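Per-entry structural report
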Amino acid sequence: AQKVTQAQTEISVVEKEDVTLDCVYETRDTTYYLFWYKQPPSGELVFLIRRNSFDEQNEISGRYSWNFQKSTSSFNFTITASQVVDSAVYFCALSGTQGAQKLVFGQGTRLTINP
Amino acid sequence: EAGVAQSPRYKIIEKRQSVAFWCNPISGHATLYWYQQILGQGPKLLIQFQNNGVVDDSQLPKDRFSAERLKGVDSTLKIQPAKLEDSAVYLCASSLDRWDRVEAFFGQGTRLTVV
């Protein structure tokens, strides 16, 4: 069975601070995909990134960066110089690469950026 | 490109009543998902279609929930009769069937309140 754990339920920081959201996953699949989604107060889940299990390169997109470590089954997300607009609930998710490929989500981390 | 469309945005019903939700996926997306998101939790997959066939409905409470995808495009999710614990946001998502574009794109959801 697949499982995603986001141990941080809520994080609150002051604007311009860096913040890291943790994600640990469990799967028996040898190949899989990992995702991060953002859910602002409007409710829509916004896709941020997809990572294939065979690609362990870290990725940076503007103020966002992702650290994928297969050895520790982690896929952490860092926001540099946080802004108030980053306030949202962030979800880490996992899917297989064969068959139905359903997305399994973690419980989410509510991030609040205070001015 | 238009996103995933869902209606209605909000619905309040009494327990034991029936309700239906509608979803129009992104054009060309073969896979369609219905997720249930209870307040404070991550989304949970209810049913997944590939074209108009069901590929996963293992977590759909089939005694009260039903879903169909007509002609492999639009989809409806029905609850009959509703229970108090069905209060949640129902999210529809769609994705391409390509190995390099597996990410799901979500609609704004329908917030259901059962009283």
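Provided above is the structure to which this section pertains.
What you see is a predicted model, and the numbers here were worked out from it, not measured in a lab.

**Some thoughts on the sheet that holds strand β1 (residues 5–7) of chain B**
Residue and element names in this part refer to chain B. Taking strand neighbours across the sheet as the criterion, the 4 strands line up as β1-β3-β8-β7 in an open arrangement whose pairing is antiparallel. Edge positions in the sheet fall to β1 and β7 (65–69), since each of these pairs with one other strand and no more. When the angles between neighbouring strand axes are averaged without regard to direction, this sheet yields 15 degrees.

**Some points on the packing of aromatic side chains**
Inspection of every chain in the model, using the stated rule, returns 21 aromatic pairs over all chains. Aromatic pair tyrosine 37 of chain A and phenylalanine 106 of chain B: ring centres 5.4 Å apart, planes at 85 degrees, arrangement edge-to-face. Of the two residues, tyrosine 37 of chain A sits in strand β5 (residues 32–39) while phenylalanine 106 of chain B sits in strand β10 (residues 105–106), which places them in two different chains. You can call tyrosine 37 of chain A buried: its relative accessible area is 0%. Taken together, the aromatic side chains of Tyr33, Phe35, Tyr37, Phe47, Phe91 and Phe105 of chain A together with Tyr33, Tyr35, Phe105 and Phe106 of chain B make up a single cluster linked through ring pairs.

**As for the pattern of salt bridges**
Taken as a whole and assessed by the stated rule, the structure comprises 7 salt bridges over all chains. A salt bridge links lysine 102 of chain A to aspartate 56 of chain B, with the shortest nitrogen-to-oxygen separation between them at 4.0 Å. In this pair, lysine 102 of chain A sits in the loop between β10 (88–96) and β11 (104–105) while aspartate 56 of chain B sits in strand β6 (residues 53–56), so the two residues belong to two different chains. A residue is classified by how much of its surface remains accessible, and lysine 102 of chain A, at 24% relative accessible area, is partly exposed. If you follow the salt bridges from partner to partner, you end up with Arg51, Asp55 and Glu59 of chain A in one network.

**Things to note about the environment of tyrosine 33 of chain A**
Summarising the element assignment, tyrosine 33 of chain A is placed in strand β5. Sequence separation of tyrosine 33 of chain A and phenylalanine 54 of chain A is 21 residues, and the distance between their C-alpha atoms is 9.1 Å. Apart from the residues lying within four places of it in its own chain, the contact partners of tyrosine 33 of chain A are Arg50, Arg51, Asn52, Ala93, Leu94, Ser95, Gly96 and Thr97 of chain A together with Trp99 and Val102 of chain B.

**A closer look at the interface of chain A and chain B**
Listed as interface residues are 18 residues of chain A and, on the opposing side, 25 residues of chain B. Our enumeration of links across chain A and chain B arrives at 2 salt bridges. Between arginine 50 of chain A and glutamate 103 of chain B there is a salt bridge, and its shortest N-O distance comes to 2.7 Å. Contributing elements (two or more residues each) for the side of chain A that touches chain B: β5 and β6 (46–52) of chain A.

**Some points on the nonpolar core**
Counting residues in each nonpolar core, the largest one holds 23 residues, and the members touching the most others are Leu21, Trp36, Phe75, Phe77, Tyr90 and Leu111 of chain A. Listed by contribution, the elements that provide at least two residues to this core are β2 (10–14), β3 (19–21), β5, β8 (64–69), β9 (74–79), β10 and β12 (109–114) of chain A. Not counting the four nearest positions on each side in its chain, phenylalanine 75 of chain A is found in contact with Cys23, Leu34, Phe35, Trp36, Ile49, Arg51, Trp66, Asn67, Phe68 and Cys92 of chain A. With 21 residues, the next largest nonpolar core counts Val19, Leu60, Leu77 and Leu112 of chain B among its residues.

**So, the state of the cysteines**
Cysteine pairs can be covalently joined through their sulfur atoms, and such a bond is termed a disulfide. Residue and element names in this part refer to chain B. Using the criterion set out here, one finds 2 disulfides over all chains in the structure. The residue that forms a disulfide with cysteine 23 is cysteine 92, at a sulfur-sulfur distance of 1.9 Å. Judged by the sign of its S-S torsion, about -70 degrees, the cystine formed by cysteine 23 and cysteine 92 is left-handed. Of this pair, cysteine 23 sits in strand β3 (residues 19–24) while cysteine 92 is found in strand β9 (residues 88–95), placing the two residues 69 residues apart along the sequence. Relative accessible area serves as the criterion here: at 0%, cysteine 92 is assigned to the buried category.

**Focus: the side chain of serine 74 of chain A**
Residue and element names in this part refer to chain A. With respect to the secondary-structure elements, serine 74 resides in strand β9. Using a relative accessible area of 8% as the deciding quantity, one classes serine 74 as buried. Polar side-chain contacts of serine 74 include one of 2.9 Å to the side chain of threonine 72. The contacts of serine 74, once residues within four sequence positions are left out, are Cys23, Val24, Tyr25, Asn67, Phe68 and Gln69.

Conventions adopted
- All residue numbers here refer to positions counted from 1 along the written sequence of the relevant chain.
- Lettering of chains starts at A and numbering of ligands starts at 1, both following the order in which they are written.
- For this predicted model, a pLDDT threshold of at least 70 governs which residues receive local features, and a threshold of 80 or more governs which side-chain atom pairs are given and counted, while totals over whole chains, interfaces and linings are taken from all residues.
- To obtain the side-chain values, all non-hydrogen atoms of the structure were included, while hydrogens and water were left out.
- Here the rule is simple: two strands pair whenever DSSP picks up at least two bridges between them.
- Under the DSSP-based scheme used, a helix requires at least four consecutive residues in state H or I and a strand at least two consecutive residues in state E, with every element numbered from the N terminus.
- To get an axis, fit a line to the C-alpha atoms, keeping to the stretch in contact for a helix; angles then go from 0 to 180 degrees between the N-to-C directions.
- Classification of ring pairs rests on two measures: the distance between centres of Phe, Tyr or Trp rings, Trp counted by its six-membered ring, which must be within 6.5 Å, and the angle between planes, read as stacked under 30 degrees, edge-to-face over 60 and tilted in between.
- Working definition: with a 1.4 Å probe on protein chains only, accessible area under 20% of the residue-type maximum means buried, over 50% means exposed, and in between means partly exposed.
- By convention in these notes, a salt bridge is any Lys or Arg side-chain nitrogen within 4 Å of a carboxyl oxygen on Asp or Glu.
- Any two residues whose heavy atoms approach within 4.5 Å are treated as being in contact.
- Residues enter a nonpolar core if they are buried and are Ala, Val, Leu, Ile, Met, Phe, Trp, Tyr or Cys, with the set joined through side-chain atoms within 4.5 Å.
- Here, the term disulfide refers to a pair of cysteine sulfur atoms separated by no more than 2.5 Å.
- Contacts described as polar in this section are N or O atom pairs within 3.5 Å, which, within protein, must combine one atom able to donate a hydrogen with one able to accept it, while residues neighboring in sequence count only if both atoms come from side chains.

Interpretation in functional terms is not warranted from these geometric data alone.
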